[in-house]
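Structural features, examined
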Amino acid sequence: MNWIYFRRQFIDRTAYVCAALATLLGLVFLFWILWTTISNGVSAISPKLFTEMTPPPGAEGGLLNALFGSGVMILIAIVVGTPIGLCAGVYLAEHGRHTRLASAVRFVNDILLSAPSIVLGLFVYELVVVPMKHFSGLSGGLALGLILIPVVVRTSDESLRLVPDRMREAAFALGLPRWKVSMQVLFKAAMSGIVTGALLGVARISGETAPLLFTALNNQFWSSDLNGPLANLPVVIFQYAMSPYDTWQSLAWAGALILTTFVLVLNLVVRLFANRRVFK
Amino acid sequence: MDTTDPSKPQAGPSGDPDVTDRRADTELGIAGTTMRTRGVWPERLFHAFTGGAAWFVLLILLAVTYSMASGGWLAFKTFGFAFVTSDKWDVVNGQFGALVPIYGTLVTSAIALIIAVPISIGIALFLTEIAPAWTRQPIAMAIELLAAVPSIIYGMWGLFMFAPFMATHIEPWLNDHLGSVPIIGPLFTGPPIGIGMLTAGIVLGIMVIPFIASVARDVFNAVPASLRESAVALGATRWERLCHVTLPHTRSAIVGAIFLGLGRALGETMAVTFVLGNAHDLSVSLLMPSNSIAAAIANEFTEADTALYRSSLIALAFMLFVVTFIVLSIAKLMLARVERNMGRTH
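Residues numbered from 1 in each chain as written. Chains lettered and ligands numbered in written order. Predicted model: local features only at pLDDT ≥ 70, side-chain atom pairs only at ≥ 80, totals over all residues. Heavy atoms only, no water.

For the rest of this paragraph, the subject is the environment of Gly-205 of chain B. All names here are of chain B. Mapped onto the secondary structure, Gly-205 falls in helix H7 (residues 197-221). For the pair Gly-205 and Pro-42, spaced 163 residues apart in sequence, the C-alpha separation works out to 50 Å. Among all residues touching Gly-205, those that are not within four sequence positions of it are Ala-112 and Ala-116. (Helix = DSSP H or I, 4+ residues; strand = E, 2+ residues; numbered from the N terminus. Contact = heavy atoms within 4.5 Å.)

Once that is clear, we can look at unusual backbone geometry. A positive phi is found at Lys-133 of chain A, a non-glycine position, where the angle reads about 70°. Using a relative accessible area of 74% as the deciding quantity, one classes Lys-133 of chain A as exposed. We note that Asn-278 of chain B has phi near 50°; this positive angle belongs to a residue other than glycine. (Buried < 20%, exposed > 50% of the residue type's maximum accessible area, 1.4 Å probe, protein only.)

Turning next to the UniProt feature "transmembrane region" (unreviewed entry) in chain A. All names here are of chain A. The UniProt record annotates "transmembrane region" (unreviewed entry) at residues 68-92, 104-128, 134-153, 185-205 and 251-274. Structurally, residues 185-205 comprises 100% helix and 0% strand, and the distance from its first C-alpha atom to its last is 30 Å. Across residues 251-274 one finds 100% helix and 0% strand; the C-alpha atoms that close the span lie 34 Å apart. (UniProt positions renumbered as here; feature names shortened; annotations may be inferred.)

This part takes up the packing of aromatic side chains. Where two aromatic rings form a pair, the distance of their centres and the angle of their planes describe that pair. Tallied over the entire structure, the rule returns 24 aromatic pairs over all chains. Aromatic pair Tyr-245 of chain A and Trp-248 of chain A: ring centres 5.3 Å apart, planes at 80°, arrangement edge-to-face. Relative accessible area serves as the criterion here: at 36%, Tyr-245 of chain A is assigned to the partly exposed category. Aromatic pair Trp-89 of chain B and Tyr-309 of chain B: ring centres 6.3 Å apart, planes at 70°, arrangement edge-to-face. Of this pair, Trp-89 of chain B sits in strand E1 (residues 89-90) while Tyr-309 of chain B sits in helix H13 (residues 307-345), placing them 220 residues apart in sequence. On the basis of relative accessibility, which here comes to 10%, the residue Trp-89 of chain B falls in the buried class. The exposure class assigned to Tyr-309 of chain B is buried, which follows from its relative accessible area of 5%. (Phe/Tyr/Trp six-rings, centres within 6.5 Å; stacked < 30°, edge-to-face > 60°.)

Turning next to the side chain of Glu-300 of chain B. Residue and element names in this part refer to chain B. Along the chain, Glu-300 turns up in helix H12 (residues 293-300). Buried and unpaired, Glu-300 has no salt bridge, with Arg-310 as the nearest side chain of opposite charge at 12 Å. Within polar-contact distance, the side chain of Glu-300 engages the side chain of His-280 at 2.9 Å. (Lys, Arg positive; Asp, Glu negative; His and termini not counted. Salt bridge = Lys/Arg side-chain N within 4 Å of Asp/Glu carboxyl O. Polar contact = N/O pair within 3.5 Å; in protein donor to acceptor, adjacent residues only side chain to side chain.)

Attention now goes to the interface of chain A and chain B. At the interface, 91 residues of chain A touch 90 residues of chain B. Summed over both partners, the interface of chain A with chain B comes to about 8400 Å²; 77% of that surface belongs to carbon and sulfur atoms. In this assembly, chain A and chain B are joined by four salt bridges. The interface formed by chain A and chain B includes ten residue pairs in polar contact (both at pLDDT 80 or more). If one sorts the elements of the side of chain A that touches chain B by residue count, helix H1 (residues 3-42) of chain A sits on top with 20 residues. Along the lines of polarity and charge, the residues of the side of chain A that touches chain B split into 59 nonpolar, 16 polar and 16 charged. (Buried area = accessible area lost by both parts, 1.4 Å probe. Nonpolar A, V, L, I, M, F, W, Y, C, P; charged D, E, K, R; others polar.)

Let us now look at the confidence of the model for chain B. Residues and elements named next belong to chain B. Confidence in the prediction of chain B, expressed as mean pLDDT, is 85, and 87% of residues score 70 or more. Note that residues 1-32 has pLDDT below 50 and, in this model, 42 contacts with residues that lie over four places away or in other chains. Two numbers describe this predicted complex: its pTM, 0.88, and its ipTM, 0.92. (pLDDT = per-residue confidence, 0-100.)

Here the focus is the pattern of salt bridges. All chains considered together, the criterion is met by 17 salt bridges over all chains. Between Arg-271 of chain A and Glu-144 of chain B there is a salt bridge, and its shortest N-O distance comes to 2.8 Å. Residue Arg-271 of chain A is found in helix H9 (residues 246-279), and its partner Glu-144 of chain B is found in helix H5 (residues 133-148); the two belong to separate chains. Glu-144 of chain B shares its class with Arg-271 of chain A; the two are buried. Between Arg-228 of chain B and Glu-129 of chain B there is a salt bridge; the shortest N-O distance is 3.2 Å.

Right, let's talk about the UniProt feature "domain: ABC transmembrane type-1" (unreviewed entry) in chain A for a bit. In the UniProt entry, the feature "domain: ABC transmembrane type-1" (unreviewed entry) is given for residues 67-270 of chain A. For residues 67-270 of chain A, the end-to-end C-alpha separation is 22 Å, with 78% helix and 0% strand making up the annotated structure.

Okay, here's the thing in structure tokens:
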């Protein structure tokens, strides 16, 4: 037992304590953030949130129009984003595989997956809002769809490639054309992965704020007009949280609690479900 | 987020996965479409749709780049190179120089990485070596949830909880203890108001931890057992194993993960907008409010009333997009190299 031995042991132990502390720190931040949202949000939760519109400064109100607007835009995003993403995923996994186009698409797709969403929002502004000359719920939905596409492409590509080749071979041996093989055999086999990916994508876009700032903008009143500005939860939270009014701030916390609960529960359920499927 | 196994092609019992996969391609793919089924319209339609969607993904990237470049052209043409070097952001007189937001973006991202990298590697080490087996899954999931929390929630937490915490506990301490140190002193002087580059950087750091940690954990897990065991046999402590075996072996993946985190940090908008203070002054002190590219766009775009103002903001977005594209490309190339290597060693 010399001092070098002790020194090495000491460094080893210290490193391990530091690693444990780093993990603890990560968990502390998670629970601090969740606790902040819950403790501030719970006191602001009331049935009125779901029955009344966003109020003018100083007055009481709810978030009904914002929740509705967010729901509509997420639906648009799913309707626009999922088919395109799924088709591209099928191309990558079935037709392209190792072609140059496929690797280029995978590369670009992975970059779009992490690209700044605010730039995508500006892009939709230039593409849709400027020609239409006004902000609209439609453009907000398109912006969210644009963010959803890369998520769906990646997960559908990966889950389709997980389907064993003998399934394809068996289907081809029956004389099925490619599209039937994809639609009736491979989709069924890869369905849980594809749905998991799409739901995680939905969880992600429902919290996106930046791209909505200059596409859907916001609307204080009830509106179901996709051609005009549409209220939505993230932007309402942003505006109300930054405002000096108490009633607005507590509404922002209520909205934050609803949003966080929705996103985290969706994430947890999907992940637990997906894990169980993998273990089977 | 898994960068390892699930996406791997299924390797046949006889070895190299790449070769079997490519063979399967020619048999199932190219022959299938060209020989037997050409001319059958649903088949053509299906091929056209899927191929079109794949091109569409490429098109998005090109269209975004083009649209930002053309939108920002007016600003680039008017100010030339001074757009990047001038710190004058004068809305009233139509003078726009982007130095402050660029500087703020770079500084906050740098702080984020300084904080996130060691913590992420610590988390990966804890999850692969130390934690009891039954706790690994839940802890890993909790860390991944950090990535799922919407950024606007980070922003609210940062503004209402973390910034006051920094202002009352951390920043006065930094003022007292580091403020008078010769070279780095000026970084830590200034009023402890809680809102500023340091706070924004830390919040960003917390946000990118899950991205770096999850890649690091995956590659730590994928270090071949033979390497690990050799180190153990030589009598290396676990720390020495990390420094001399695990980290060198996974170096390019870790660098890739760091670049991935950097790409995320550069473009992060809402959290930064809340805690950065939206100030267009250049200051050395990390405790002072500043601005970032994304925050400037988020705060000012809907208020931009002149064509030049809007164009300047879009020019900022163009630069942000190009820089994140480069950073994320590096990340992707580094990670792709690792995936290929791991395919071979398995």
